[in-house]
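Okay, here's what each chain looks like letter by letter:
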Protein chains: 4
Amino acid sequence: MRVTRGNTGDTSEPAQRSLAASARRSQIVAAAIETIAELGYAQASFARIAERAGISSTRLISYHFGTKDELMDEIVVEIAQSADRMIAERVAEQTTAAGALHARIKAQLHWIARYPAHVQALYEISMNARGSDGSLRYGMAASARANVDALEPILREGQRSGEFRAFDTQLMALTIKSAIDAAIVRMWQPPRLSVEECVQEITTIAALATRRSS
Amino acid sequence: MRVTRGNTGDTSEPAQRSLAASARRSQIVAAAIETIAELGYAQASFARIAERAGISSTRLISYHFGTKDELMDEIVVEIAQSADRMIAERVAEQTTAAGALHARIKAQLHWIARYPAHVQALYEISMNARGSDGSLRYGMAASARANVDALEPILREGQRSGEFRAFDTQLMALTIKSAIDAAIVRMWQPPRLSVEECVQEITTIAALATRRSS
Amino acid sequence: MRVTRGNTGDTSEPAQRSLAASARRSQIVAAAIETIAELGYAQASFARIAERAGISSTRLISYHFGTKDELMDEIVVEIAQSADRMIAERVAEQTTAAGALHARIKAQLHWIARYPAHVQALYEISMNARGSDGSLRYGMAASARANVDALEPILREGQRSGEFRAFDTQLMALTIKSAIDAAIVRMWQPPRLSVEECVQEITTIAALATRRSS
Amino acid sequence: MRVTRGNTGDTSEPAQRSLAASARRSQIVAAAIETIAELGYAQASFARIAERAGISSTRLISYHFGTKDELMDEIVVEIAQSADRMIAERVAEQTTAAGALHARIKAQLHWIARYPAHVQALYEISMNARGSDGSLRYGMAASARANVDALEPILREGQRSGEFRAFDTQLMALTIKSAIDAAIVRMWQPPRLSVEECVQEITTIAALATRRSS
DNA sequence: AATGAATGAGTCTTCATTCAT
DNA sequence: CATGAATGAAGACTCATTCAT
C-alpha cells in the first residue's frame, strides 16, 4: 500500500467534481465495480479497469479520481446509495418492529438479487482495501455496519414495545445480517433457492429468534 | 517467455516431505499465518513472511514449498486440522441432535477465540487466493464449507428424530455458520462480548430457530 | 499465482504505435540488436538492453513493448525489412534465372557484410526464442525460411526455362542458403575472405551445382 | 554466466573419474542430451535434467560433474566420439579424394539420421554455451569445426591429385558442411526427404562443385 | 478534458552452486 | 556415493502514480 503523497505536481486535475458526476466518472465506476466483482480486489488494477471501461490509458482514472483509494471511496458511496434508495422507503411504511424487520430483510434480499456485482464488489473492497498502515480502510465489518446500524434500532424498538424478547441487540443484528449473507450463497450457488424462498426462510428464522416466547 | 511447466525449475525441492514436517516448514507456515492475519492476503509477500520468520532469504520459502499456492495449501490444511482436532471429539460424545448442535457451536466459538490469527488467515486465503484463470482457488465459501458440511448432518438427524422443525437444512447450516461468524465480530470488536456470552446467545438463537414449535 | 491474461497488466502501454516508430522504440530496438549480437539471446536481459540503450529503467522497455516476446517480434520484422530493402530491388532487374540467382547471392552477402549485428541477432533470436510450450517461436529455420522462400522460385524458373538441371529445388535452396551462411564464417573469422571473394566462390559453386551439364 | 570459483570447500567430490564412466554419469549425460535437444540449451537447467534422469536432487549432477560447464564438456566429447566412431572408418577405406568426400558425406548424414538428439544438443551447446566473459565457449563454428577440419584435407588432396578444380578449400569445406546441415532440415521437416535421397542430392552437388571442369 | 511518456518499487520464481552430514 | 538444506543473484513483469503537454 503506497504512501499517498499530496499531488502537488499536478496542475490541472478537476478541483471540485461537478454536482452531476460526469459520464466518464460513472463509466469508470461501473467498470471498476464489474472488474472487482469478477476478478477480485487485488486483480482490479487500473489497467484492467481501464480495459473494461474501454478507455485507452489508466491516466484517465487517476485524472478523474486522483488515487485508487479515492476511486474506492466513490464506489462504496455509490453502492451504499444504490441500496439505500431501494430499501429505506419500504421499511419506512411499516408500523410494527416485526413488520419493519420483515420488510428490511425482504428488501435487502431483493437488492442483493438485483445487484450481485455491487454486493460482490462492496464485499471485496471492505475486506481488502487497506491504508498505508496496513489497517482495513473501511473496517472488517464495513459492509456489515450499514446494515447492522439500520437493524439495531428496529430490534431495540421491538424490545421496548414488547414484541421481541430480551437479547443482545447488536449480536442479533449481526446474526440477521449474517443470515442474509448466508442466503446470498444459497441464491448464487447451486442448488439455488429463489429470492422468495430465501425471504421465507430467513424471515421465519428471524421471527423465531426474536419473538417473545409464548 | 516464462516456460510454465510445473515447478520443475526449482533446483532441488525436497521431494517427499518427512512425515513430521520439518521445523523450518512449521516456522514458515506459522509466520505466514501471522502475516496474512495481520496484513491481509495481498500484502503477505514472501518478503514479509520471510522477515517475520526471521529467515534471510525468500528463497527458503520457495525451496520448502515450491510456489506460493503450495504454501497456501499447506496453511489451509494445517488450520483445518487444528480446528478439527479441537472440535470433533466434543461433538462425538453427544447423543441428541440438539446436544450435538450446541456442542459444535460451543467448540467452534472456543476454537475461534483461541486461534484468532488462524481464523483471519483462513478467511483471507479463501477469499483472495485465486488460480491462473482468476477463479477462487478454495471457493468463495471454502472457509464455510467445512463447517456447513459438518452442521448439515446434525440438522437432518434432528429433523428425522423429530427434535427439529422443517426447514432448508443447507440454508439453516449456512445461517448458523454465519451467526458464528457474526459472533467473531462481537468478540473482537468493542464493546466486546465474552466467548461464553456469545455461546449463550448463539446457541439460544439456534435452538429457537430449529426446534419444533410447541 | 500469476494471473496470466494477456498483458493487461501493463498500466498504459501505448495503444497504437505511431506510424513513424518513436525515437525511443528505435533506440531500444537498436540496443537490443547490439546486445543480442554481442552477448547472445539468453544474456540479453532487459537490464542489459536498458544499460546499453542508456535508459534508466527496464520499465521503459516493457512500457513500450509490453513483453519480451513482442520486443523480439519487432526486432525480427525490423531486420527482415532491412534486408528486403537492400536485396529485392537488385534481384528484380535481372531477366534470367541464373542472373537472378547470382544477384541474390551477391546482394545477400553484401547485406550480411554490412549489418553483421543484424545477422547475428536474427540468428540468435530464431534459434532461442521459445513459446510457453517450449517450441521455437520463429521456427528452427526462421532465419532461413525467408531466404529459402525467395530462392526457390528462381530455381524453379531456371528449371522451367531450361537453364538449370533437375534437382530438388527446396534442398538446393537450402543448400545455397547454407553456403551463404558458410561464407559468413569465412568473412568473419580469420583468415578472412573479402565480400567479393566470397561472392565469387559462392556464385561459382551455385552455378556449377545448378547449371545443365553440357 | 557465473564466475567459477575453485571448489575449495567441497571435501568429497570424486577426484578422478574412474576410467569406465559410472552408470550414473552416463545416465545424467544421456538425460542432459535429451533435455537440451528437446527444450534448448537455456531451458536445460539442472532441475530439468535431474527430473528427466529420474534422480531426486540436482546435487547429484554437481556432485558428479562439478559445474555445468564441465557437464557440457563431457557431453560435447561424448557426442563427438559417437560421430567419430561411426564416420572415420568408412572414410579410411577410400582411395580417391572424390570417393573419400562421397563416403564422408554419406556417413555424416547417416549419423545425423541416427542420432538426431545428439545433433540438436551439440548444436545448442555450441551456439549457446558461453564463458564468464560472454564469449562462446566452443566457438561459433565448434559444431562445424570438427567436420570442416576433417573435410579440408580431403579437398586439398583432391586438388593435389588433380581430381578437383581450384577453389578456396576452407570455404568449400564450410559449404559442404553447411549443405549437410541443410539436409538436416530437409530430413526433419515435412515434406521429408529420406536419408538416401539427401545423400544422393548432396553428393551430386558436392561432385559438381568440386570436380575439374571438363 | 484528456493523453503519452516515464518511473521506482515491488511481485514471484528460477538459477547454479556451496555447506553440511 | 549420496543427500538435505540453504543461499544470493538475477530474471521478467505489474503496479499506482507523476511529469509533461
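Under an unreviewed UniProt entry, the name given to chain A is TetR/AcrR family transcriptional regulator, and the organism recorded is Streptomyces silvisoli.

Undergrad: Can you walk me through the overall build of chain A in this structure?
TA: Across its full length, chain A holds nine helices and zero strands. Secondary structure elements in chain A, listed N-terminal to C-terminal, are α-α-α-α-α-α-α-α-α. For chain A, the proportion of its 214 residues judged to be buried stands at 51%. In chain A, the share of contacts with a sequence separation of at least 24, taken over all contacts with a separation of at least 6, comes to 63%. Of the roughly 10300 Å² that chain A leaves accessible, carbon and sulfur atoms contribute 50%.

Undergrad: Hey, could you run me through the environment of Met187 of chain C in this one?
TA: Within the secondary structure layout, Met187 of chain C lies in helix H8 (residues 169-188). Those residues in contact with Met187 of chain C that lie beyond four places of it in its chain are Leu109, Ile112, Ala113, Arg192, Leu193, Val195 and Cys198 of chain C.

Undergrad: Before we go on, may I ask you to explain the relation of the copies chain D and chain C in this structure?
TA: The two chain copies are connected by a rotation around an axis plus a translation along it. The operation relating chain D to chain C is a screw motion whose rotation component is 180 degrees, with 0.0 Å of axial translation and a residual RMSD of 0.1 Å. Such a combination of turn and shift is consistent with a two-fold rotation axis. In terms of proximity to the rotation axis, the leading residue of chain D is Ser178 of chain D, whose C-alpha is 2.5 Å off the axis. A shared binding surface is used by both copies, with 92% of the interface residues of chain D retained as interface residues in chain C.

Undergrad: Hey, could you run me through the interface of chain B and chain A in this one?
TA: How big an interface is tends to be stated in terms of accessible area lost as the parts join. Counting residues at the interface gives 35 residues for chain B, matched by 39 residues for chain A. In this structure, the connection of chain B to chain A is made through four salt bridges. Notably, a salt bridge pairs Asp168 of chain A with Arg186 of chain B, separated by 3.0 Å at the nearest N-O pair. Along the contact surface separating chain B from chain A lie eleven residue pairs in polar contact (both at pLDDT 80 or more). At the level of secondary structure, the elements contributing two or more residues to the side of chain B that touches chain A comprise helix H1 (23-39), helix H6 (116-128), helix H8 (169-188) and helix H9 (195-210) of chain B. Considering each element in turn, the side of chain B that touches chain A owes the most residues, eleven residues, to H8 of chain B. Considered class by class, the residues forming the side of chain B that touches chain A number 19 nonpolar, nine polar and seven charged.

Undergrad: I would appreciate a short explanation of the packing of aromatic side chains in the present structure.
TA: The way to describe two aromatic rings as a pair is by their centre distance and the angle between their planes. Residue and element names in this part refer to chain B. Summed over all chains, the structure comprises eight aromatic pairs over all chains. Note on Phe164 and Phe167: the rings are 6.4 Å apart at their centroids and 40 degrees apart in plane angle, and the pair reads as tilted. Phe167 shares its class with Phe164; the two are buried. A cation sits over an aromatic face here: Lys68 above Tyr41, 5.7 Å from the ring centre.

Undergrad: Would you mind going over the confidence of the model for chain A with me for this structure?
TA: Regions with low pLDDT carry predicted coordinates that are not meant to be interpreted in detail. Residue and element names in this part refer to chain A. This prediction gives chain A a mean pLDDT of 87; 88% of its residues lie at or above 70. By mean pLDDT, the top-scoring element of chain A is helix H5 (residues 97-114) (95), and the lowest-scoring one is helix H7 (residues 142-161) (88). Scored below 50 in pLDDT, residues 1-11 makes ten contacts in the model with residues more than four places away or belonging to other chains.

Undergrad: What am I meant to see in the relation of the copies chain B and chain A here?
TA: The two copies are related by a screw motion: chain B maps onto chain A through a turn of 180 degrees and a shift of 0.1 Å along the axis, at an RMSD of 0.1 Å. Both copies share a contact surface, since 100% of the interface residues of chain B are interface residues in chain A too.

Undergrad: Which parts of the structure should I look at to understand helix H2 (residues 46-53) of chain C?
TA: Owing to its 3.6 residues per turn, the α-helix brings residues three or four apart onto one side. Residues and elements named next belong to chain C. Every buried residue of H2 is listed here: Phe46, Ile49, Ala50 and Ala53. The arc that holds every buried residue of H2, seen down its axis, measures 100 degrees, which confines them to one face. Where H2 is buried, its residues contact helix H1 (23-39), helix H3 (59-65) and helix H4 (68-92). With its phi angle positive at about 75 degrees, Gly54 sits one or two positions after the end of H2.

Undergrad: Please clarify how the interface of chain D and chain C should be interpreted in this entry.
TA: Taken together, the contact pairs 38 residues of chain D with 35 residues of chain C. For the chain D and chain C pair, buried surface summed over both sides reaches about 3400 Å², with 61% attributable to carbon and sulfur atoms. Between chain D and chain C we count four salt bridges in total. At the junction of chain D and chain C, the tally comes to ten residue pairs in polar contact (both at pLDDT 80 or more). For the side of chain D that touches chain C, the elements supplying multiple residues, two or more each, are helix H1 (23-39), helix H6 (116-128), helix H8 (169-188) and helix H9 (195-210) of chain D. Per-element accounting of the side of chain D that touches chain C gives the leading share, eleven residues, to H8 of chain D.

Undergrad: Hey, could you run me through the environment of Glu93 of chain A in this one?
TA: Tracing the backbone shows Glu93 of chain A in the loop between helix H4 (68-92) and H5. Given the relative accessible area of 62%, Glu93 of chain A is considered exposed.

Undergrad: For this particular structure, what's the right way to read the side chain of Glu201 of chain B?
TA: Mapped onto the elements of the fold, Glu201 of chain B is located in helix H9. At 3.5 Å, the side chain of Glu201 of chain B and the backbone nitrogen of Asp168 of chain A are in polar contact. In contact with Glu201 of chain B, other than residues within four places in its own chain, are Phe167, Asp168 and Leu171 of chain A.

Thresholds, definitions, all that
- Residues numbered from 1 in each chain as written.
- Chains lettered and ligands numbered in written order.
- Predicted model: local features only at pLDDT ≥ 70, side-chain atom pairs only at ≥ 80, totals over all residues.
- Heavy atoms only, no water.
- Helix = DSSP H or I, 4+ residues; strand = E, 2+ residues; numbered from the N terminus.
- Buried < 20%, exposed > 50% of the residue type's maximum accessible area, 1.4 Å probe, protein only.
- Contact = heavy atoms within 4.5 Å.
- Areas by Shrake-Rupley, 256 points an atom, 1.4 Å probe, with all protein chains shown as cover.
- Least-squares fit on C-alpha atoms with pLDDT ≥ 70 in both.
- Salt bridge = Lys/Arg side-chain N within 4 Å of Asp/Glu carboxyl O.
- Polar contact = N/O pair within 3.5 Å; in protein donor to acceptor, adjacent residues only side chain to side chain.
- Nonpolar A, V, L, I, M, F, W, Y, C, P; charged D, E, K, R; others polar.
- Phe/Tyr/Trp six-rings, centres within 6.5 Å; stacked < 30°, edge-to-face > 60°.
- Lys NZ or Arg CZ within 6 Å of the ring centre and 35° of its normal.
- pLDDT = per-residue confidence, 0-100.
- Arc of directions from axis to C-beta.
- Buried area = accessible area lost by both parts, 1.4 Å probe.

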